[in-house]
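Each chain, letter by letter, is given below.
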Amino acid sequence: MAQKKEEDDKVRLDKWLWAARFYKTRALAKTAIESGKVHHRGERCKPGKEPRIGDEYVIRTGFDEKTVVVEALSIVRRGAPEAQALYRETEASIAKRETAAAQRKAGALGVSTDGKPSKKQRRDLFKFHGSNSE
């Protein structure tokens, strides 16, 4: 059991993100880190970085950006309740995500179309744009 504890102390960042269920596979976690979607203290991270308890990471997934604080380390991917115990999201991050989601939802409701334009509407669009593709 002592050996298991030592292994948990030396966990790679990509493995921890996978175990905490931010990404579905470890390869996706590694790709996200390499593409700059995970930051620590305002700087990009490397997949081999060793997270420590108390470290704060900014993780971007899709439209959302989460600021999380590491609460525990694990190299084993378990169920969602156990994975959520590995980190704590900051209150500011939760409020920011909820505000952004509400703005996206409100923006999506303002745009309405009648579907695909008719042949006459397409011709008018081509004339308006000066395109002569007929």
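Conventions used here
Residues numbered from 1 in each chain as written. Predicted model: local features only at pLDDT ≥ 70, side-chain atom pairs only at ≥ 80, totals over all residues. Heavy atoms only, no water. UniProt positions renumbered as here; feature names shortened; annotations may be inferred. Helix = DSSP H or I, 4+ residues; strand = E, 2+ residues; numbered from the N terminus. Polar contact = N/O pair within 3.5 Å; in protein donor to acceptor, adjacent residues only side chain to side chain. Contact = heavy atoms within 4.5 Å. Phe/Tyr/Trp six-rings, centres within 6.5 Å; stacked < 30°, edge-to-face > 60°. Buried < 20%, exposed > 50% of the residue type's maximum accessible area, 1.4 Å probe, protein only. Patch = residues over 30% accessible without salt bridge, like charges linked within 9 Å, V, L, I, M, F, W, Y side chains within 5 Å. Areas by Shrake-Rupley, 256 points an atom, 1.4 Å probe, with all protein chains shown as cover. Salt bridge = Lys/Arg side-chain N within 4 Å of Asp/Glu carboxyl O. Lys, Arg positive; Asp, Glu negative; His and termini not counted. Charge placed at Lys NZ, Arg CZ, Asp CG, Glu CD. Pairing = 2+ DSSP bridges. Core = buried A, V, L, I, M, F, W, Y, C linked by side-chain atoms within 4.5 Å.

- The protein goes by Heat shock protein 15 in an unreviewed UniProt entry, where it is assigned to Pseudomonas hefeiensis.
- Checking UniProt for the protein, the heading Sequence similarities (unreviewed entry) contains the comment "Belongs to the HSP15 family."

### What about the side chain of Asp 14?
Now for step 1: Relative to the helices and strands, Asp 14 resides in helix α2 (residues 13-19).
Now for step 2: Side-chain polar atoms of Asp 14 contact the side chain of Arg 26, separated by 3.4 Å.
Now for step 3: Each residue touching Asp 14, except ones within four places of it in the same chain, is listed here: Arg 26, Ala 29, Lys 30, Ile 33 and Pro 47.

### Quick notes on the packing of aromatic side chains
Now for step 1: All told, the structure shown has 2 aromatic pairs when counted by the stated rule.
Now for step 2: Plain terms: the ring middles of Trp 16 and Phe 22 are 6.2 Å apart, the flat faces sit at 40° to each other, and that makes the pair tilted.
Now for step 3: Assessed through its relative accessible area of 0%, Trp 16 is described here as buried.
Now for step 4: In this structure Phe 22 comes out as buried when scored by relative accessible area, which is 12%.

### Re a positive patch on the surface
Now for step 1: On the surface, a cluster of positive charge is made up of Lys 116, Lys 119, Arg 122, Arg 123 and Lys 127.
Now for step 2: Along the chain, Lys 127 falls in helix α6 (residues 119-129).

### Here's the deal with the pattern of salt bridges
Side chains carrying opposite charge are able to pair once their charged atoms draw close together.
Now for step 1: Per the stated rule, a full pass over the model turns up 10 salt bridges.
Now for step 2: Between Glu 82 and Arg 78 there is a salt bridge, with the nearest N and O atoms lying 3.7 Å from each other.
Now for step 3: In this structure Glu 82 comes out as partly exposed when scored by relative accessible area, which is 49%.
Now for step 4: The partly exposed category is assigned to Arg 78, whose relative accessible area is 44%.
Now for step 5: Each of Arg 12, Asp 14 and Arg 26 takes part in salt bridges that share partners, so that together they form one network.

### Regarding the sheet that holds strand β1 (residues 38-40)
Now for step 1: Taken in spatial order, the 5 strands of this open sheet run β2-β1-β3-β4-β5, and their pairing is antiparallel. What marks the edges here is a single partner per strand, and that holds for β2 (43-44) and β5 (87-89).

### Points about the nonpolar core
Now for step 1: Of all hydrophobic cores here, the largest spans 21 residues; its most connected members are Trp 16, Leu 17, Phe 22 and Val 38.
Now for step 2: Counting residues per element, the ones that place at least two in this core are α2, α3 (26-34), β3 (56-61) and β4 (64-70).
Now for step 3: At 4 residues, α2 tops the list of elements feeding residues into this core.

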